[in-house]
Amino acid sequence: MNKISAIMLGLSLAGMTAAHAVNTDKLAIQEELPVGKAAGEYPTPPGWDKLPEGEFGEKIIRGYNYFVNTQSLSPEFVGDGLNCVNCHMDAGKKENAAPLWAAYMSYPAYRKKNDRINSYEERIQGCFLYSMNGTPPEHMNPVLVDLSAYAYWLAQGTMTGEQFDPAKMAIPSDEDLLKGGKRDDFPFMQAYLDNGGTAEVKTPGRGYPKLSDPGQEPDITRGKAVYAQECAVCHGANGEGQKVNDRYVFPPLWGPDTYNWGAGMQRVNTAAYFIHKNMPLGQPEKLTEQQAWDVAMYLDTQERPQDPRNKGSLEETTEKFHGGYSQYGKEFNGSVLGTASYPNHPNKP
Ligand code: HEC
Ligand code: HEC
């Protein structure tokens, strides 16, 4: 079988195990990324012709498949109707859409807020818990290893650019893969080190680029008008998305089947940054910055699945984990957001 057909057919669920409890308290904070301005030039991730042979190549293919077709993992790990690729676009390769090549080289990362180091694995587990409204696979689960292998391979372009030769690619152990690439002791490719490369890889295009603060307070009524004109055609009049053969072709933006109240996307600023650069699909920056703020406010003041960190008290959850641009716990049209939320990781039929 050639590589491309292996990729197309290669959705192997081998190695999947039942989800065991992950200590989700450790994943408590979906912190904002320290993103800079959008840069002019971005590294080029390798194409499929640069896939290494053998077992490691298989891991990468499986990781790619998990990333673009995450629904196939349900019901174990995924509780909503999304795939990773819905927010990390172009299979995690697109700059300014939280690309994996930049992410991989940014972990392990120290987080001031809770004074701890986050591995790449923990960051992915966080997206399972919040963005996928799911139950994260446990430490060392093959799904996490494969997803990390895919990101590591894409990151070869950030390290070596044009010179990347898959035959010379260093193959880390599973344990090493899960930690992420920002480490002095990471098994970097020799050619990279010979060129003076270090663990401080520059990652322009990381995350979603910041917008300036809105000129006017983001406004739901204006946002609703932008939504009706620019978004509803694909995402539905009520943010419910659109399905073909029971699969979403246009993902839902609010309601029971999308990211929950703990996700990064429920912060109005994060959503505005994403939308301005990536939506409407295929028309980046069509919206003015103000329109992006307004429509983000509109969709992030709609109910969605509960914040999984809510142990019974909305006030406590709001105080501990929300604030700033999150609208959780605030009142709109007579109801407080977070009081009529949908369940976490609902069992699917
Ligand atoms: C609903 C949208 C959404 C979905 C779906 C989603 N993510 Fe994310 N992801 C985000 C946001 C938002 C961030 C943080 C970006 C920010 O704050 O600028 C993020 C951050 C990340 C990061 C860290 C990026 C960095 O540069 O530090 C990784 C890695 C990641 N996600 C992987 C995944 C994986 C794997 C999946 C699928 C299991 C997934 N994500 C699903 C929205 C999503
Ligand atoms: C032409 C169809 C189309 C239009 C119009 C469109 N989107 Fe999307 N949107 C998509 C698709 C498809 C994805 C998933 C992208 C992927 O998987 O590559 C997406 C993803 C998203 C996501 C992240 C995934 C999720 O479910 O949360 C958000 C947020 C979003 N769109 C908001 C908007 C907003 C706001 C507008 C209007 C300004 C808009 N979109 C207009 C097709 C569209």
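Analysis parameters
Residues numbered from 1 in each chain as written. Chains lettered and ligands numbered in written order. Predicted model: local features only at pLDDT ≥ 70, side-chain atom pairs only at ≥ 80, totals over all residues. Heavy atoms only, no water. Pairing = 2+ DSSP bridges. Helix = DSSP H or I, 4+ residues; strand = E, 2+ residues; numbered from the N terminus. Salt bridge = Lys/Arg side-chain N within 4 Å of Asp/Glu carboxyl O. Buried < 20%, exposed > 50% of the residue type's maximum accessible area, 1.4 Å probe, protein only. Donors = N, O, S within 2.8 Å, 3.2 Å for Na, K, Ca; no water. Tetrahedral: all angles 85-135°; square planar, octahedral: opposite > 155°, others 65-115°. Core = buried A, V, L, I, M, F, W, Y, C linked by side-chain atoms within 4.5 Å. Domains from an automatic or database assignment. Contact = heavy atoms within 4.5 Å.

Taking an unreviewed UniProt entry as the reference, the protein is identified by name as C-type cytochrome belonging to Oceanimonas smirnovii.

Chemist: Please explain the pairing of strand E4 (residues 247-250) as it appears in this structure.
Modeler: Taken together, the 3 bridges between strand E3 (residues 242-244) and E4 define a ladder with antiparallel strand orientation. Bridging across to E4, Val244 finds its partner in Arg247. Where E3 folds back on E4, the antiparallel hairpin that results is connected by 2 residues, among which Asn245 adopts a positive phi of roughly 50°.

Chemist: Whenever I open this one, the pattern of salt bridges confuses me. Can you help?
Modeler: Once their charged atoms are close, side chains differing in charge can pair, the charge on each being opposite to the other. Throughout the structure, instances matching the rule amount to 9 salt bridges. With its nearest N and O atoms 2.6 Å apart, the salt bridge here joins Asp174 to Lys59. Of this pair, Asp174 sits in helix H8 (residues 174-179) while Lys59 sits in helix H2 (residues 54-68), and the two are 115 residues apart along the sequence. Taking relative accessible area as the criterion, Asp174 reaches 27% and is therefore assigned partly exposed.

Chemist: Teacher, can you tell me more about the coordination of the iron atom of ligand 2 here?
Modeler: Around the iron atom of ligand 2, the protein contributes the donor atoms His235 (NE2) and Met279 (SD), which lie 2.0 to 2.3 Å from the metal centre. Every donor counted, the 6 donor atoms about the iron atom of ligand 2 form angles of 86 to 178° at the centre, which fits octahedral coordination. Placement of His235 in helix H11 (residues 232-235) and of Met279 in the loop between helix H12 (268-278) and helix H13 (289-299) is noted, with a sequence separation of 44 residues between them.

Chemist: Can you help me understand the nonpolar core in this one?
Modeler: Side chains of nonpolar character tend, in soluble globular proteins, to be buried together. The biggest cluster of nonpolar side chains holds 76 residues, and the ones touching the most others in it are Tyr104, Phe128, Tyr150, Tyr152 and Ile275. Per-element tally for this core: the top contributor is helix H6 (residues 142-154), with 10 residues. Shared between two domains, this core takes at least three residues from each, and those domains are domain 1 (3-194) and domain 2 (220-336). When near neighbours in sequence (up to four residues on either side) are disregarded, Tyr152 contacts Phe56, Tyr104, Met159, Met169, Ala170, Pro172, Leu177, Phe186 and Pro187.

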